[in-house]
Every structure is written in structure tokens, then in C-alpha cells.
Amino acid sequence: MQRVIVWFKTDLRLNDNEVLFKAIQNNKEIIPVYCLDVNDFDQGPFGFKRTGKFRTKFLLESLQDLNNELKKRGSGLIILKGKPEIEIPKIVLKYGATKIYTKKEVAYIEKNTLEKVQKEVSKINCDVSIFSTSTLYHPEDLPFSIKDIPDVFTDFRKKVEKESTVRPIYNVPNEIKSPFLPEFNLPLLSHLIDVNTLEFDDRSVLNFEGGEANAIKRLNYYLFDKKLILNYKQTRNGLLGSDYSTKLSPWLAMGSISPRYIYAKIKDFEAEFGENESTYWLIFELLWRDFFRFMFKKHNDKLFLLNGLSKTVKHQKNTNLDKLDSWIKGETGNDFVDANMQELKATGFMSNRGRQVVASYLINDLKVDWRYGASYFEQELIDYDVSNNWGNWAYLAGVGNDPRSSRYFDTEKQASEYDKNGEYRKKWITTNNVR
Ligand SMILES: Cc1cc2nc3c(=O)[nH]c(=O)nc-3n(C[C@H](O)[C@H](O)[C@H](O)COP(=O)(O)OP(=O)(O)OC[C@H]3O[C@@H](n4cnc5c(N)ncnc54)[C@H](O)[C@@H]3O)c2cc1C
């Protein structure tokens, strides 16, 4: 029984958090820590910030909420700022911690940071215990080893659905014992990025606010309050309003809610109101999320490469900065693409349909290196998730997990199918576009 650090990352929640649960169960006192990694606010190799204004605001709200919830149970959150491999060992020494509890990482930079922390704290006799907490299916419950996971989604899904089960969720701890912790000290938005405040654009699909309580509220709204899940399969390709899809992605990406928690609530819903194709389809989409994460685990950094998993050279380096710039600004002249890009720029969100169309346009029509698009999304998206973003982009570029070699979206056809009356384009292509 000892004193340990709980290093929160993209698991900013108390519900179904194995890291927190096990740390409390096996130790006397815990010290909850979050490190604002300076690298996350730097520029990436394609010239975009790794974290833009929408996600930074959402992150700060999530941290505030986490601190509130920890405090209610007798603890609190220490916010560090700097490089984790420098800041975390300092806390280990300050509190005489013998162990760090944290979540597993699958992507290159995140894995690297974790390894650096492990190396540094081992020098001061501190171990690191790592738990897989991001996916619906626990990696140990998969019917194949990571290296044998099928590269085609349908093959993966069918076998997992048949042979694996989803583990039950961990309960919220009632009480958390911690030593005396310093006053919670959250930086301002302007301390992390060059923006003071962020004005809400009232055309946004939703006023996204970070934190576990808001995630659960949104889930309850979508399931029990409005029963929107009953028609999810029919509406999920929509473009307008808050209700066509769950909008849970920002909270899932921040780890304010776990896919297992969502799954458990869908099962409760089905028990009360019955299941249908739509209630299943939400689980199906969560499986896509698992799939991309496992693909990162299997293929390491390959999904960041221009030719991804492809054995042949499919793309040449092509950086047409003018075309890229017009795409980013939503000024390509293609009104459906432009409307979607305007929405992203103004709100940090874009529908799944929109993302597919604008990505295909950048790759196939403008013929720009797809990684510039993925990096711009990384900066702008409020729900950026490393495996979901890069996995989907590589997929659309024909160098990821797709049995088809190319996914071309005809923008005219897409617009006439999904924006028949031009309502979506009218909303975003206005004279005020130059904001
Ligand atoms: C080019 C491109 C980039 C993308 N980048 C991201 C990203 O950075 N972060 C992110 O969370 N999603 C990303 N997606 C997937 C998808 O567009 C979003 O998850 C979805 O639009 C979020 O809205 P929602 O929560 O209302 O989704 P819903 O339709 O309600 O789906 C529920 C959840 O299922 C998961 N999901 C749904 N579709 C996908 C998918 N295609 N791939 C993986 N998981 C999915 C998400 O976690 C989502 O929150 C990307 C898709 C494309 C085509």
C-alpha cells in the first residue's frame, strides 16, 4: 500500500476508468496529475498547430470538470505544463510516489512520450503500470493477436462480434484519498494558444462544452430523452443540426466518456425500448473506432506515411500550397466542399459525410498530399483523435485499410443526395463568409 501518481491523458473521466479504479484499489493515496505537453501546442511537420483553439478550449473545460469531480471525492487535480518526461519525475520525487498509473498509447508521438517518462522515472525507482482503456473491446479479449488483426474492417468486425464480449464498466470511486494537494491552477486559453476568447458561432451544430457530466448529458439526450438512436442509421449522414448523429466524438476523443459506457447505456436502452438496426449501428460505428486504434497498434507509424500500408507507390509528393490554401479557406469554387470547410473553420466540427467529401476532393480533385489535409484536421477538429483521423484519411487516400483502391466522392452527386435543397450550402456560403 503506497502513494502513487495517476497520470491522466485522454481519459478525463471517473466512470469506467480502470487506471483510476486500480490505483485507488491497490494503494493508500493517489496524486491525480495532468500534464499540458508543450509539444501538443507546437507546429507539426506540415505547418499546422498540433492543437488549435477549439480543442484547447474544450480540453481546459474538461480539466476543470475533472478537478471538480475529484475534489468532490476528497482529491483534486495537479496541472503541470512542460515536457511530461521532465515534469512528471519532479512530482514523483516531491510526493515520494512509487508508481505511476496511466493509459496505454498506440500512436507514435504518444508512445514515445510514455517511453521517455518510463525511462526517466525508472532512474528514481518508480514503475509505470499501463492499462488499455480506450476501446470498446479490450485488446486481450480479441480473437486474434495484434499482429494478426485483419486489415479489412468487415473481417475484423465479424470475428470480434462472434467471438468476443465487451467487459463491464468500472464504477465511479466514492472516495479518493490524496495527500494535501496545491490549489488547482488551470492556465487561460491565451497561455496555450494565441487567442484570448472564443466566440460561439450560432450556426454550430452544438455548443460543445468539455467534461464528463456534459458527455453523459448528451448521451442521455440522444438515447433516453429524445430516443434519436432509434433512427440513427437513417439520419447519420445528415449535415444540419444537432440531432442527425450523436456528436459524442469530442468527449470520446478526450476520454470524458468511454465506448464501454456508451455500449452499456445502449444495452439499457434496448432492454427498455427494444433494439433495431439503428441501435446496433451506433455500436457498429464504435467498432470502426476500435478498428482504427488497433490498426495503429499493429502498423506503428505506417499510417502517417504518404503511401501508408500500400506496397506500391500510389502517391507522389505533391504540395500545391495555393490549392491547399483555397481548400482550407473554403474558397475552391466548389460550393459543397466550401460549405463544409467553412463550417470546420468557424466551429471546429464537420459531419462524417462532409469529412469524406472534402478529403476526397483534396486527394482526388486537387491532388494535394493527403497528409496536409489530415494535419489541418488535426489542428482544427474539436474531436481530433489520432487513429480516427489519420486512419480515415489514409483509408480515403487508398493507402489504409480499404479493399477498394480508391474512394472517389463525386461532389455534385453528394450534394444533390445529401443537400437536396441546398439548405446546408445556403447556411455556410454567405456574404459573411469572410469572417
Ligand atoms: C477524413 C476523416 C477524418 C476524421 N477524423 C476524425 C477524428 O479526428 N476524430 C474522430 O472522432 N472521428 C473522426 N472521423 C470519423 C467521423 O467523421 C467522426 O467520428 C464523426 O463524424 C463524429 O460525429 P458523431 O460523434 O456525431 O458521430 P456518430 O455518427 O454519432 O458516431 C458515434 C461515434 O462512432 C465513432 N465513429 C463514427 N464514424 C467513425 C469513423 N468513420 N471512423 C472512426 N470512428 C467513427 C466516433 O467515435 C463517433 O463519435 C473522421 C472521418 C473522416 C472521413
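- The name given to the protein chain in an unreviewed UniProt entry is Cryptochrome DASH, and the organism recorded there is Flavobacterium terrae.
- Taken verbatim from the UniProt record of the protein chain, the Sequence similarities (unreviewed entry) comment is "Belongs to the DNA photolyase class-1 family."
- Per UniProt, the protein chain has the following entry under Function (unreviewed entry): "May have a photoreceptor function."

### Regarding the site of the ligand
Phase 1: Near the ligand you find 27 residues, and of these Y232, S245, T246, K247 and N352 are the closest.
Phase 2: A distance of 3.1 Å separates a nitrogen atom of the ligand from a polar atom in the side chain of N392.
Phase 3: Burial of the ligand by the protein amounts to 96% of the accessible area it has alone, namely 820 Å².
Phase 4: Elements represented by at least two residues in the shell around the ligand include exactly α9 (249-254), α11 (277-299), α14 (352-365) and α16 (386-396).
Phase 5: Here the shell around the ligand takes six residues from α11, the largest share from any one element.
Phase 6: Taken domain by domain, the shell around the ligand gets at least three of its residues from each of domain 2 (134-168 + 211-300) and domain 3 (305-433).

### A short note on the domain arrangement of the protein chain
Phase 1: Here the protein chain is described as being made up of domain 1 (1-133), domain 2 (134-168 + 211-300) and domain 3 (305-433).
Phase 2: Each of domain 2 and domain 3 has a C-alpha centre, and the two are 23 Å apart.
Phase 3: Facing the 20 residues of domain 2 at the interface are 26 residues of domain 3.
Phase 4: Summing both partners gives a buried area of about 1,900 Å² for domain 2 against domain 3, and 65% of it is carried by carbon and sulfur.
Phase 5: In this structure, the connection of domain 2 to domain 3 is made through zero salt bridges.
Phase 6: Applying the counting rule to domain 2 against domain 3 returns three residue pairs in polar contact (both at pLDDT 80 or more).
Phase 7: With eight residues, the top contributor of residues to the side of domain 2 that touches domain 3 is α11.
Phase 8: Split by residue class, the side of domain 2 that touches domain 3 holds eleven nonpolar, four polar and five charged.

The rules behind the values
- Residues numbered from 1 in each chain as written.
- Predicted model: local features only at pLDDT ≥ 70, side-chain atom pairs only at ≥ 80, totals over all residues.
- Heavy atoms only, no water.
- UniProt positions renumbered as here; feature names shortened; annotations may be inferred.
- Near = heavy atom within 4 Å.
- Polar contact = N/O pair within 3.5 Å; in protein donor to acceptor, adjacent residues only side chain to side chain.
- Areas by Shrake-Rupley, 256 points an atom, 1.4 Å probe, with all protein chains shown as cover.
- Helix = DSSP H or I, 4+ residues; strand = E, 2+ residues; numbered from the N terminus.
- Domains from an automatic or database assignment.
- Contact = heavy atoms within 4.5 Å.
- Buried area = accessible area lost by both parts, 1.4 Å probe.
- Salt bridge = Lys/Arg side-chain N within 4 Å of Asp/Glu carboxyl O.
- Nonpolar A, V, L, I, M, F, W, Y, C, P; charged D, E, K, R; others polar.

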